[in-house]
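# Notes for the structure review
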There are 2 protein chains.
Amino acid sequence: MSEFAATVIRVLPQRRHELILRTLRAEGPAGVQVLAERLGVSQATIRRDLVQLDKEGRLTRVYGGAVSAADTDDPFAEVAMVRVDEKDALAERAAELIKDGEAILLDIGTTAHRLARKLHGRSLTVITSNLMVYEELKDDQEVQIVLLGGVLRRTYHSLVGFLTEDNLRQVHADRVFLGTSGVRPGGQVMDTTAVEVPLKRAMITAADQVVLLADVGKFPGTGIARVCGPEDLDVVITNAPADETTCAALRQAEVEVIEV
Amino acid sequence: MSEFAATVIRVLPQRRHELILRTLRAEGPAGVQVLAERLGVSQATIRRDLVQLDKEGRLTRVYGGAVSAADTDDPFAEVAMVRVDEKDALAERAAELIKDGEAILLDIGTTAHRLARKLHGRSLTVITSNLMVYEELKDDQEVQIVLLGGVLRRTYHSLVGFLTEDNLRQVHADRVFLGTSGVRPGGQVMDTTAVEVPLKRAMITAADQVVLLADVGKFPGTGIARVCGPEDLDVVITNAPADETTCAALRQAEVEVIEV
DNA sequence: GGCAGATTGCGCAAAATCGTGCGCGCCTTG
DNA sequence: CAAGGCGCGCACGATTTTGCGCAATCTGCC
């Protein structure tokens, strides 16, 4: 603790914010008083810092101090709120593609979760490593659920890793429904989390038909890793008005583009 | 456990709520008085906390205290009530066998679930296809969870099938903890559900040490399918007084028998 | 059905915490 | 070198939380 107290000279606000966040992540909830002593500034300053960091969404303010943003209720609660209407419409349309008795693969992410919500009471086999989908359908007697193994990633409510890939090589589905972080103008499907890319590829291989769900905000969009090209897709469901350049590239690759 | 009692100084409300929930998940129902003493606040404060947490659906308020929300609507709640004390004692003893940092395999069934309840806050890797174990530990940051894939069997809260077996061939654990429907006098481990037998065998293969948890009602006992013989076991944990014939057979096969 | 003991909800006062205005010192800018 | 901007500490009223006492309610038992 004296490693901080020794820093009496001068601490940039930026640096101080980093230290606050690090403390929170390392030791969980921390009080204003503790932080003030540790960083050698007044409680008023800490309060101002906390207000600002809270506004930036980097932590969550609580009475008496603050907690790490990750520590609060799942980050999906907020993420799931943006573009809800669009995603719901997409999900509705996607559900119509599915015939009773089929086996479908559902991707990781909130998009697939939205789709799962439309599947209650349907007679289907759902294969997924998406734990939100599992939670959604686990009490639904009609739906057979196949959960793919893997290492639990709590922040993403999913299972990933080589076990998941192994399982995917052993199963086959009529359709796979994929989400994405963005589709580039040429029709390349991108993602931001590298660990999911091999999984998405394995899902594409395991399914007869590949359906991509991408709301209009993803057109055009980007990500750090390429998942697949337009030639791997069969259907893309998006909102109107979709980006014309991207749509053209997709149609060129004989992808059916559905605008809802 | 004294980790709580030591916290007499000052605790953020947020932190206190976390501790209450963790206590409930780890030790089941808790009284207002106990919680108040343990957290160093008045009973009135605990009551207010419980009311709030109940309103948020994070626990269920009962007269005299509270129980974990997951514990209430579980159809296994009844099954889990029989021989609770015995199974708890067994689980407690089994948890002592585990060292921090280890990777352990947990069987399907309520026995393994009881053990999982003793693992909150431990630094471990838990591998399982037992969904009760997953529910129990999914919010515990310390525990890494590896879920084995498979077809959801709702009535047993578990995943089974060839996917599970495939995954088991790809993993290795320091110890596996098995439950059973009964142990025959000769030391043969039995089970009633045939579909689980290949899984239990695969788990035995995947672990360095095999630990069987069997309360005294299982000695001697029976089942329709044989899982393994005494030569596959390393440790058996049971209640005193255990059946002497069976114990002798186990010791003959160099199995360590722990009576609690 | 009634009784003793425990538990609960509620009002109120004390304590802790919060937000804010003000002044001071440091750095930037012209 | 002077003016202005900015971050920081201090102090004070407002808000929230906490602890305690008491009447109403509930549970277990005879």
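Preceding this section is the structure that the text describes.
I will try to describe carefully the structure that is included in this document. (Residues numbered from 1 in each chain as written. Chains lettered and ligands numbered in written order. Predicted model: local features only at pLDDT ≥ 70, side-chain atom pairs only at ≥ 80, totals over all residues. Heavy atoms only, no water.)

### Some points on the overall build of chain A
Of the regular secondary structure elements, chain A holds eleven helices and 15 strands. In terms of overall dimensions, chain A has C-alpha extents of about 65 × 45 × 30 Å along its principal axes. The buried share of chain A, reckoned over its 260 residues, is 53%. With the model as given, the accessible surface of chain A reaches about 12000 Å², and the carbon-plus-sulfur share is 50%. Of the charged side chains in chain A, 30 are positive and 39 negative; the average position of the first set lies 9 Å away from that of the second. (Helix = DSSP H or I, 4+ residues; strand = E, 2+ residues; numbered from the N terminus. Buried < 20%, exposed > 50% of the residue type's maximum accessible area, 1.4 Å probe, protein only. Areas by Shrake-Rupley, 256 points an atom, 1.4 Å probe, with all protein chains shown as cover. Lys, Arg positive; Asp, Glu negative; His and termini not counted. Charge placed at Lys NZ, Arg CZ, Asp CG, Glu CD.)

### Regarding unusual backbone geometry
Residues and elements named next belong to chain A. Look at H157: it is not a glycine, yet its phi comes out positive at around 50 degrees. Note that H157 resides in the loop between β7 (150-153) and β8 (158-160). The exposure class assigned to H157 is partly exposed, which follows from its relative accessible area of 22%.

### So, the protein's contact with DNA strand C
Around DNA strand C sit 15 residues, and of these A:R47, A:G64, B:R47, B:Y63 and B:G64 come closest. Close to the protein, within 4 Å, the atoms of DNA strand C are drawn from sugar and phosphate at a rate of 71%. A:Y63 is positioned with one of its side-chain polar atoms (N or O) 3.1 Å from a sugar or linking oxygen of DNA strand C. Within the backbone of A:G64, one N or O atom sits 2.9 Å away from a phosphate oxygen of DNA strand C. (Near = heavy atom within 4 Å. Polar contact = N/O pair within 3.5 Å; in protein donor to acceptor, adjacent residues only side chain to side chain.)

### Some remarks on the nonpolar core
Counting 58 residues, the largest nonpolar core has A:L106, A:L119, A:F177, B:L106, B:L119 and B:F177 as the members making the most contacts within it. Setting aside its immediate chain neighbours within four residues, A:F177 contacts A:A94, A:L97, A:I98, A:I104, A:L105, A:L106, A:D107, A:L115, A:V211 and A:L213. (Core = buried A, V, L, I, M, F, W, Y, C linked by side-chain atoms within 4.5 Å. Contact = heavy atoms within 4.5 Å.)

### Re the protein's contact with DNA strand D
Around DNA strand D, a shell composed of 17 residues is seen, among which A:R16, A:T45, B:R16, B:T45 and B:R48 lie nearest. Per the 4 Å cut-off to the protein, sugar and phosphate atoms form 62% of the nearby atoms of DNA strand D. Within the side chain of A:R16, an N or O atom sits 2.4 Å from a phosphate oxygen of DNA strand D. Take A:R48: an N or O atom from its side chain is 2.9 Å from a base nitrogen of DNA strand D. Elements supplying a minimum of two residues to the surface near DNA strand D: α2 (13-27) and α4 (43-55) of chain A together with α2 (13-27) and α4 (43-55) of chain B. Along the lines of polarity and charge, the residues of the surface near DNA strand D split into eight nonpolar, five polar and four charged. (Nonpolar A, V, L, I, M, F, W, Y, C, P; charged D, E, K, R; others polar.)

### Brief notes about the packing of helix α9 (residues 162-169) of chain A against helix α10 (residues 197-206) of chain A
Residues and elements named next belong to chain A. Relative to each other, α9 and α10 sit at 5 degrees, their axes nearing to 9 Å. Considering their axes alone, α9 and α10 lie roughly parallel with respect to each other. Facing T164, E165 and L168 of α9, the residues of α10 in contact are P198, L199, A202, M203 and A206. (Axes fitted to C-alpha atoms, helices over the stretch in contact; angles between N-to-C directions. Parallel < 35°, antiparallel > 145°, perpendicular 65-115°, else oblique.)

### Quick notes on the interface of chain B and chain A
Chain B puts 31 residues into the contact, and the matching count from chain A is 36 residues. Between chain B and chain A the total buried area reaches about 2500 Å² when both faces are included, carbon and sulfur atoms providing 56% of it. It is B:L12, B:R154 and B:L163 that lose the most area in chain B upon contact with chain A, and together they represent 23% of the buried surface on that side. Inspection of the chain B/chain A interface yields two salt bridges. Residues B:E135 and A:K138 are paired through a salt bridge, measuring 3.2 Å at the closest nitrogen-oxygen approach. Scanning the region where chain B abuts chain A turns up 18 residue pairs in polar contact (both at pLDDT 80 or more). Going through the elements one at a time, α2, α8 (131-137), β6 (144-147), β7 (150-153) and α9 (162-169) of chain B are the ones with two or more residues in the side of chain B that touches chain A. Considering only residue class, the side of chain B that touches chain A consists of 16 nonpolar, seven polar and eight charged. Pairing of β7(A) with β6(B) involves two bridges; the strand directions are antiparallel. Note on β6(B): the bridge partner recorded for A:V151 is B:V146. (Buried area = accessible area lost by both parts, 1.4 Å probe. Salt bridge = Lys/Arg side-chain N within 4 Å of Asp/Glu carboxyl O. Pairing = 2+ DSSP bridges.)

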